[in-house]
Amino acid sequence: MFKKLFIILSLFTVFANSWAEEKGLDEQQRSIVLVGANVAIGNISDLDNALTQALASGLTVNQIKELLIHSHAYIGFPRALNGINAFIRLMDKRTAEGVEDTIGAESRSLAMTTSRQELRDLGNKTRNFLVGRDISVRTTGYSGFTPAINDFLVEHLFGDMFYRDAVSYQQRELMTLSMLAALDGTDSQLQGHLGINLSLGLSQSALQSFVDLLANQVNQKSAVRVTNIAKQRFDLEVDL
């Protein structure tokens, strides 16, 4: 059952919201970048603007909620909750002004299990798919030193979270890349998730748009961080 479910979800995520070949970021993707970067650094005033832009781009209220929920795995509960509270205030303000936003379908879990072992199996399949190789059993690095953190990561993030269906793998990974780009000291994780975004179809043009957006609307440091990794680790020419 789980193998069949994973195949279905893999096909869904490849084709849903896939990257347009050799095109820059569209308005929804640009808004995800700005939401991710600003919730990560705790810039609430700019986050308000990014959330407004996300709604204007056609993302539903529940899709934005899901992206903010996703953020806790990378920036912790405090800043994720700050982002959610900012969204609550924005929605209250828009409702008071008579703005009717599209709520959209609530995110559902497609995992259909509460067994930790089954979630671990699903999570390993998801992570292996994203990184392009089998890393289910590792005895070195953080996995070997603290197996519990690897179990929590696989079960919760790649099991629980990635099997929620309001947003696609591409949207989750673009959100993740944006958060990691905005944060200091996460170059190793940034490199890994840039590789995942590229494997999911992030084009050279979209990457250039991503860097330009960071430089112009977040901060120069985040753009430099991505540019250096793209050039040094992936041999990609990105202008800054």
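Above this text is the structure in question.
From a predicted model like this one, the values you see are computed outputs, not experimental measurements.

Caption draft 1: Local environment of the packing of helix 2 (residues 27–41) against helix 4 (residues 61–96). Helix 4 packs onto helix 2 with a crossing angle of 40° between their chain directions and a minimal axis gap of 8 Å. As the angle between them shows, helix 2 and helix 4 are arranged oblique. With respect to the hand of their crossing, helix 2 and helix 4 are arranged in left-handed fashion. On the side of helix 2, the interface is formed by Ile32, Val35, Val39, Ala40 and Ile41, while helix 4 contributes Leu67, Leu68, Ser71, Ile75, Arg79 and Gly83.

Caption draft 2: Expanded view of the nonpolar core. Counting 57 residues, the largest nonpolar core has Phe87, Leu207, Phe210 and Leu214 as its most contacted members. Mapped by element, the contributors of at least two residues to this core are helix 2, helix 3 (44–56), helix 4, helix 7 (147–161), helix 8 (169–182), helix 9 (187–199), helix 10 (204–217) and helix 11 (220–234). With 10 residues, helix 4 is the single largest residue contributor to this core.

Caption draft 3: The side chain of threonine 176, seen in detail. Tracing the chain through its elements places threonine 176 in helix 8. Its relative accessible area of 0% is what places threonine 176 among the buried residues. Looking at threonine 176, its side chain comes within polar contact range of the side chain of histidine 70, at 3.0 Å. There is a polar contact of 2.9 Å between the side chain of threonine 176 and the backbone oxygen of arginine 172.

Caption draft 4: Main features of the packing of helix 2 against helix 10. Where helix 2 contacts helix 10, the axes come no closer than 11 Å and their chain directions differ by 50°. What the angle tells us is that helix 2 and helix 10 run oblique. The hand of the helix 2/helix 10 crossing is right-handed. For the pair helix 2 and helix 10, contact is made by Arg30, Val33, Leu34 and Ala37 and by Phe210, Leu213, Leu214 and Gln217, respectively. Its residues placed into classes, the contact of helix 2 with helix 10 shows six nonpolar, one polar and one charged.

Caption draft 5: Summary view of the pattern of salt bridges. Counted according to the given criterion, the structure contains 12 salt bridges. Its salt-bridge partner being glutamate 66, residue arginine 164 comes within 2.7 Å of it at the nearest N-O pair. Residue arginine 164 is found in the loop between helix 7 and helix 8, and its partner glutamate 66 is found in helix 4; the two are separated by 98 residues along the sequence. Overall, the relative accessible area of 24% leaves arginine 164 in the partly exposed class. Where aspartate 184 meets lysine 221, a salt bridge forms, and the shortest distance between an N and an O atom there is 3.3 Å. With a gap of 37 residues between them, aspartate 184 in the loop between helix 8 and helix 9 and lysine 221 in helix 11 connect regions that are remote in the sequence. Taking the relative accessible area as the measure of exposure, aspartate 184 reaches 52% and is therefore exposed.

Calculation criteria
Residues numbered from 1 in each chain as written. Predicted model: local features only at pLDDT ≥ 70, side-chain atom pairs only at ≥ 80, totals over all residues. Heavy atoms only, no water. Axes fitted to C-alpha atoms, helices over the stretch in contact; angles between N-to-C directions. Helix = DSSP H or I, 4+ residues; strand = E, 2+ residues; numbered from the N terminus. Parallel < 35°, antiparallel > 145°, perpendicular 65-115°, else oblique. Left-handed = near helix turned anticlockwise from the far one by under 90°. Contact = heavy atoms within 4.5 Å. Core = buried A, V, L, I, M, F, W, Y, C linked by side-chain atoms within 4.5 Å. Buried < 20%, exposed > 50% of the residue type's maximum accessible area, 1.4 Å probe, protein only. Polar contact = N/O pair within 3.5 Å; in protein donor to acceptor, adjacent residues only side chain to side chain. Nonpolar A, V, L, I, M, F, W, Y, C, P; charged D, E, K, R; others polar. Salt bridge = Lys/Arg side-chain N within 4 Å of Asp/Glu carboxyl O.

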